[in-house]
Structure formats: C-alpha cells, structure tokens
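Topology and contacts: notes
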Amino acid sequence: QVQVVESGGGLVQPGGSLRLSCAASGFTVSNYAVYWHRQAPGKERELVAHINIAGRTNYADSVKDRFTISRDNAKNTVYLQMNSLKPEDTAVYYCSAGRAWVEYWGQGTQVTVSS
C-alpha cells in the first residue's frame, strides 16, 4: 500500500529550528519528485521546496537560505530542515511525491512558530 507520512512538527520559538520527515512506503522516493507544501489558516497552499529525481532542489523565495530539502535513499525518506523559523512559517506542512500519472500526498504535520 502506498503511503506518505510526515512527522517532526511542533511548537518552536522564533529563530528556532525543526526537521520534518517524509517517510514513504510502497514506492521508492528516488524515482519521484518530492515536494513540501504548506498551508496556513486563511491562506492559500504554497509550495515551499522540492527535490527532483536527479537530486536538484528548489525553494520558495520566502524560505530560501533558511530551509533545506534532502533525500535519504537508504531510508526512503525526504527531510525538510527548517532554520531561523519565523511566525509566518506557521502552517500545516505537507509532503507529496509525484511522477507522470501518479501523485501521493501525506496528511500533514503542524508547525507553530510562536513565543
């Protein structure tokens, strides 16, 4: 059964760090492009970061130089390292994986940045 499960969210103070994990089962993440999106209350879902099959990465301007997406093929897991967190980073973060004709989404993990 194909499954994507996010973990690692929580409450953190501004300037703090969190590492989100995206664990895949039933498929091999190295064969897919993997994306992190987020959605805050009252705001549209936005793309935060992605990594392609070749391992190249891209980031939204709002998180560039603060977030890092990476892939551990041995663990079949993708990570999002989030540093220098800001209150505006507060959102539910979703991991997804896609290739031609298929797309898988996780249920999301809550990140709250607040003092």
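Residues numbered from 1 in each chain as written. Predicted model: local features only at pLDDT ≥ 70, side-chain atom pairs only at ≥ 80, totals over all residues. Heavy atoms only, no water.

A short note on the overall build of the protein chain
- The number of helices and strands found in the protein chain is zero helices and eleven strands.
- The N-to-C order of helical and strand elements in the protein chain reads β-β-β-β-β-β-β-β-β-β-β.
- Taking 13 Å as the expected radius of gyration for a compact globule of 115 residues, we find that the protein chain reaches 13 Å, a close match to that expectation.
- Out of the 115 residues in the protein chain, the part that is buried amounts to 41%.
- Of the contacts made within the protein chain by residues no fewer than 6 positions apart, 52% connect residues no fewer than 24 positions apart.
- Computing the positive centroid from 11 side-chain charges and the negative centroid from 9, the protein chain places the two 5 Å apart. (Helix = DSSP H or I, 4+ residues; strand = E, 2+ residues; numbered from the N terminus. Rg over C-alpha atoms; globule rule 2.2 N^0.38 Å. Buried < 20%, exposed > 50% of the residue type's maximum accessible area, 1.4 Å probe, protein only. Contact = heavy atoms within 4.5 Å. Lys, Arg positive; Asp, Glu negative; His and termini not counted. Charge placed at Lys NZ, Arg CZ, Asp CG, Glu CD.)

Here's the deal with the packing of aromatic side chains
- Under the criterion given, the structure shown has four aromatic pairs.
- Taken together, a centroid distance of 4.9 Å and an interplanar angle of 45 degrees make the contact between Phe27 and Tyr104 tilted. With a gap of 77 residues between them, Phe27 in the loop between strand S3 (18-25) and strand S4 (33-39) and Tyr104 in strand S10 (residues 102-105) connect regions that are remote in the sequence.
- Classification of Phe27 as buried rests on a relative accessible area of 9%.
- A relative accessible area of 21% places Tyr104 in the partly exposed class.
- An angle of 65 degrees between the planes, with centres 6.4 Å apart, marks the rings of Tyr94 and Trp105 as edge-to-face. With Tyr94 in strand S9 (residues 91-99) and Trp105 in strand S10, the pair connects residues that are eleven residues apart, well separated along the chain.
- Take Trp105: its relative accessible area is 29%, and that puts it in the partly exposed class.
- What links up through ring pairs into an aromatic cluster is the set Phe27, Tyr32 and Tyr104. (Phe/Tyr/Trp six-rings, centres within 6.5 Å; stacked < 30°, edge-to-face > 60°.)

A short note on the nonpolar core
- Judged by nonpolar contacts, the single largest core of 29 residues is most densely connected at Trp36, Val48, Phe67, Leu80, Met82 and Tyr93.
- Leave out the neighbours within four places in its chain, and Met82 touches Gly16, Ser17, Leu18, Leu20, Arg66, Phe67, Tyr93 and Val111. (Core = buried A, V, L, I, M, F, W, Y, C linked by side-chain atoms within 4.5 Å.)

As for the environment of Arg45
- Position of Arg45 among the secondary structure elements: in the loop between S4 and strand S5 (46-51).
- Along the chain, Arg45 and Ala91 lie 46 residues apart, while their C-alpha atoms are 9.4 Å from each other.

Comments concerning the pattern of salt bridges
- Enumeration over the complete set of coordinates arrives at three salt bridges.
- With a shortest N-O distance of 2.6 Å, Arg38 and Glu46 are connected by a salt bridge.
- A relative accessible area of 4% means that Arg38 is categorised as buried.
- Where Arg38 meets Asp89, a salt bridge forms, and the shortest distance between an N and an O atom there is 2.9 Å. Remark: Asp89 occurs in the loop between strand S8 (77-82) and S9 and Arg38 occurs in strand S4; sequence separation between them is 51 residues. Take Arg38 and Asp89: they sit in the same class, and that class is buried.
- One continuous salt-bridge network, built from bridges that share partners, spans Arg38, Glu46, Arg66 and Asp89. (Salt bridge = Lys/Arg side-chain N within 4 Å of Asp/Glu carboxyl O.)

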